[in-house]
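Commentary on secondary and tertiary structure
Next come the chains, spelled out residue by residue.
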Amino acid sequence: MSAIPKDAAAIILLRQDTDPANPEVYWVKRSDKLAFLGGFHAFPGGQIDPDDAEVKVRNAPNPETAAMISGAARELFEELGVLAARGGETLTKGQRASLLDDLESGRMTWSALLDHYELYLDANDFTFAGRWVT
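Residues numbered from 1 in each chain as written. Predicted model: local features only at pLDDT ≥ 70, side-chain atom pairs only at ≥ 80, totals over all residues. Heavy atoms only, no water.

In this section: a nonpolar patch on the surface. Taken together, the side chains of I12, L14, V25 and W27 present a nonpolar region at the surface, about 370 Å² in accessible area. Along the chain, the position of L14 falls in the loop between β1 (8–10) and β2 (28–29). (Patch = residues over 30% accessible without salt bridge, like charges linked within 9 Å, V, L, I, M, F, W, Y side chains within 5 Å. Areas by Shrake-Rupley, 256 points an atom, 1.4 Å probe, with all protein chains shown as cover. Salt bridge = Lys/Arg side-chain N within 4 Å of Asp/Glu carboxyl O. Helix = DSSP H or I, 4+ residues; strand = E, 2+ residues; numbered from the N terminus.)

So, in structure tokens, the structure goes:
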């Protein structure tokens, strides 16, 4: 019985103005309790949710790319509290924490949260690095 791959997305965060010859990247240590690669280091990311496809991503070349960008940005926010949405820089730390709580509790979906707070994703803020199947 072979496993069916599930769509997932990850983000590789680079330190701003990092040396291209020796870039500084951000890793996340996965919980030791996780069944899949517990205790290993990884880039933030995870499975694509159906709601990720509802997010309008400006300058995305197609719906699949838009959903992947949306999912990667959502996972980044859920895992690290880093909001890679335009307009997010105007929010206070407390407002971002409230948004994260709304998302994690299910009070708001990712797409509703972005719309409600007039935030948006722009494909030009993301660089495609490849596609892998595990």
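Moving on, we get to the pattern of salt bridges. Across all of its chains, the model carries 12 salt bridges by this definition. Where D52 meets R74, a salt bridge forms, and the shortest distance between an N and an O atom there is 2.8 Å. Residue D52 is located in the loop between β4 (45–47) and β5 (57–58), and its partner R74 is located in helix α1 (residues 63–80); the two are separated by 22 residues in the primary sequence. The exposure class of D52 is buried, given its relative accessible area of 0%. (Buried < 20%, exposed > 50% of the residue type's maximum accessible area, 1.4 Å probe, protein only.)

Another point: the side chain of R74. The exposure class assigned to R74 is buried, which follows from its relative accessible area of 3%. Among the polar contacts listed, one links the side chain of R74 to the side chain of D52, at a separation of 2.8 Å. Contacts of R74, omitting those with residues within four sequence positions, involve Q47, I48, D49, D52, L103 and W110. (Polar contact = N/O pair within 3.5 Å; in protein donor to acceptor, adjacent residues only side chain to side chain. Contact = heavy atoms within 4.5 Å.)

A few words now on the nonpolar core. By size, the foremost hydrophobic cluster in this structure holds 19 residues, and its most contacted members are L83, W110, L114 and L121. Elements that contribute at least two residues to this core include exactly α1, α2 (93–105) and α3 (110–116). For this core, the leading source of residues is α1, giving four residues. Those residues in contact with L121 that sit more than four places away from it in its chain are V55, K56, V57, R58, I69, S70, A73, A84, A85, W110 and L114. (Core = buried A, V, L, I, M, F, W, Y, C linked by side-chain atoms within 4.5 Å.)

So yeah, pure geometry; function would need other evidence.
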